[in-house]
Amino acid sequence: MSIVLDLGRLGPADLAAGPSALSELMASLHVLAEPEHHPEAAGWAARATAAGPELRDELSVFAPLWARYRCRLFFPRTVPLAASLDEELAAIEELPKDDFLELVAPGVLGTGAQPVPRTRELRAGTAAAEDYTRRCLRRSYARGELARQLVAAPLELRDRLLAVLRAADTAFFAEDWRTLRPPLEDHAREVRRRLAARSPAEVLTELLPTAARVGPGERVRLDKLQIDEVKVAPRPLVLIPSARVWPHLTVKSEHPSCVVVQYAARGTTPDGQLTLRDLHRRLMALTSPARMELCRHLLGEPITTSELAARLGSSEPQVSRALRTLRDAGLVRSTRNGKLVRHRLATDVIQRLGHDVLATVAR
């Protein structure tokens, strides 16, 4: 499963890269709402929660907007990018009611697979609004209640949301952003330099470890548990580096203003991110009882193929095939010493496999 971005016909003026304080705040709030996705950020999450305990209830009310399906409201809609969180929040405050509804209603529902009524139909008492609220309620009580408030009084909900975001900024995000912003800006400058000299498809595959070029033209496949093909032009492509978004990769393509990709900037992710294909290969390599038995012998000191064959009562060709499967999956390391090749289980890879499964699924 994947999202394919068609980047053809994008010129230099159609490409932007830079940090967004609002998008980073949203990623930070996601960590607080879904801590099981982010065990690596447990220390930060504990400090942030302690800094704003009075925010817990209000953040819980709005959590559907930054849970699994990120609300489009929190991503840039104009190029050049806003310079500060104050500017981004002021832009939300100035949104007309229908524009706010258009951006927020899909986020409250929390899925791109179901249609959302047109904004002129999302009025209290209409059949479309009642159906929308029921669908949100079926997903969760929190979503249903948020939908009810959105339909009844969208501008009041907007003001309440802005108050929560500003309170979170005061409690913990402003201090955090002072540290995070400089390296993200340095990263974005390097990205802009690359975009000026190379094709966007080349740059994107370098930035994202799980991205790959596909087919003819400027098409890039992104590992996601979604299936979609997005033609970016004539809209701009906006790349938003983040320090808090890992292990997720967020692609927002539904708004006509621009296509946004929020991704983990270098230095903010563990090494060796897996593609879905690589994860499948590792898991499948361990499904064979014979290969699992082989792994038990490889857990001790390095051992040769002939020694393994003797221990297992198998032929050397059989053991070689099993070793090749494990080695291709990255689960075995082989080293040569003269004429002898010895094999050993990659215990660090095995230990990390559970976390890799979570990170790949959450992406």
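Just above sits the structure.
Here the structure is a predicted model, which is why all the values come from computation and not from measurement.

## Things to note about the packing of helix H5 (residues 97-109) against helix H8 (residues 154-197)
Link 1 in the chain: Interhelical geometry of H5 versus H8 gives an angle of 65° and a closest axis separation of 10 Å. Taken together, the axes of H5 and H8 are roughly perpendicular relative to one another. Between H5 and H8 lies a crossing whose hand is left-handed. Mapping the contact onto sequence places Lys 97, Phe 100 and Leu 101 in H5 and Pro 154, Leu 155 and Arg 158 in H8.
Link 2 in the chain: Of the residues in the contact of H5 with H8, the class split is four nonpolar, no polar and two charged.

## Some points on the nonpolar core
Link 1 in the chain: Residues Leu 65, Trp 66, Leu 73, Phe 74 and Tyr 132 are the most contacted members of the largest nonpolar core, which totals 57 residues.
Link 2 in the chain: Broken down by element, the residue count for this core peaks at eleven residues, all from H8.
Link 3 in the chain: Sequence-distant contacts of Leu 73, that is, excluding residues within four places in its chain, are made with Leu 22, Ile 92, Leu 95, Phe 100, Leu 103, Val 104 and Leu 161.

## Quick notes on the sheet that holds strand S11 (residues 340-345)
Across a sheet, paired strands are connected by hydrogen bonds in the backbone, their directions being either parallel or antiparallel.
Link 1 in the chain: With antiparallel pairing, the three strands of this open sheet are ordered in space as S9-S11-S10. In this open sheet, the two strands that pair with only one neighbour each are strand S9 (303-304) and strand S10 (332-337).
Link 2 in the chain: In the sheet, S10 pairs with S11 via six bridges, with the strands oriented antiparallel. Bridge assignment links Asn 337 to a residue of S11, and that residue is Leu 340.
Link 3 in the chain: On the sheet, helix H13 (residues 316-328) packs against S10 and S11 and is oriented at approximately 115° with respect to S10.

## Structural notes on helix H6 (residues 127-139)
Link 1 in the chain: Here H6 contains 13 residues, and its C-alpha end-to-end distance of 19 Å stays within 8% of the 18 Å for a straight helix at 1.5 Å per residue.
Link 2 in the chain: Those residues of H6 that fall on the buried side of the exposure criterion are Ala 129, Tyr 132, Thr 133, Arg 135 and Cys 136. Buried residues of H6, seen end-on, are gathered within an arc of 160° and therefore sit on one face of the element. Of the exposed residues in H6, the ones pointing more than 90 degrees away from its buried face are Ala 127 and Arg 138.
Link 3 in the chain: In this structure, the buried side of H6 is in contact with H5 and helix H7 (141-152).

## Concerning the packing of aromatic side chains
Two aromatic rings are characterised by how far apart their centres lie and by the angle between their planes.
Link 1 in the chain: This model, assessed by the stated rule, comprises three aromatic pairs.
Link 2 in the chain: Taking the centre distance of 6.0 Å and the plane angle of 80° together, the rings of Trp 44 and Phe 172 count as edge-to-face. Of this pair, Trp 44 sits in helix H2 (residues 42-51) while Phe 172 sits in helix H8; the two residues are 128 residues apart in sequence, bridging distant segments of the chain.
Link 3 in the chain: Overall, the relative accessible area of 8% leaves Phe 172 in the buried class.
Link 4 in the chain: Positioned above the aromatic ring of Trp 44 is the side chain of Arg 244, whose terminal nitrogen or guanidinium carbon lies 4.3 Å from the ring centre.
Link 5 in the chain: For Lys 252, the ring lying beneath its charged end belongs to Tyr 69, and the centroid distance is 4.0 Å.

What counts as what
Residues numbered from 1 in each chain as written. Predicted model: local features only at pLDDT ≥ 70, side-chain atom pairs only at ≥ 80, totals over all residues. Heavy atoms only, no water. Axes fitted to C-alpha atoms, helices over the stretch in contact; angles between N-to-C directions. Helix = DSSP H or I, 4+ residues; strand = E, 2+ residues; numbered from the N terminus. Parallel < 35°, antiparallel > 145°, perpendicular 65-115°, else oblique. Left-handed = near helix turned anticlockwise from the far one by under 90°. Contact = heavy atoms within 4.5 Å. Nonpolar A, V, L, I, M, F, W, Y, C, P; charged D, E, K, R; others polar. Core = buried A, V, L, I, M, F, W, Y, C linked by side-chain atoms within 4.5 Å. Buried < 20%, exposed > 50% of the residue type's maximum accessible area, 1.4 Å probe, protein only. Pairing = 2+ DSSP bridges. Expected span 1.5 Å × (residues − 1). Arc of directions from axis to C-beta. Phe/Tyr/Trp six-rings, centres within 6.5 Å; stacked < 30°, edge-to-face > 60°. Lys NZ or Arg CZ within 6 Å of the ring centre and 35° of its normal.

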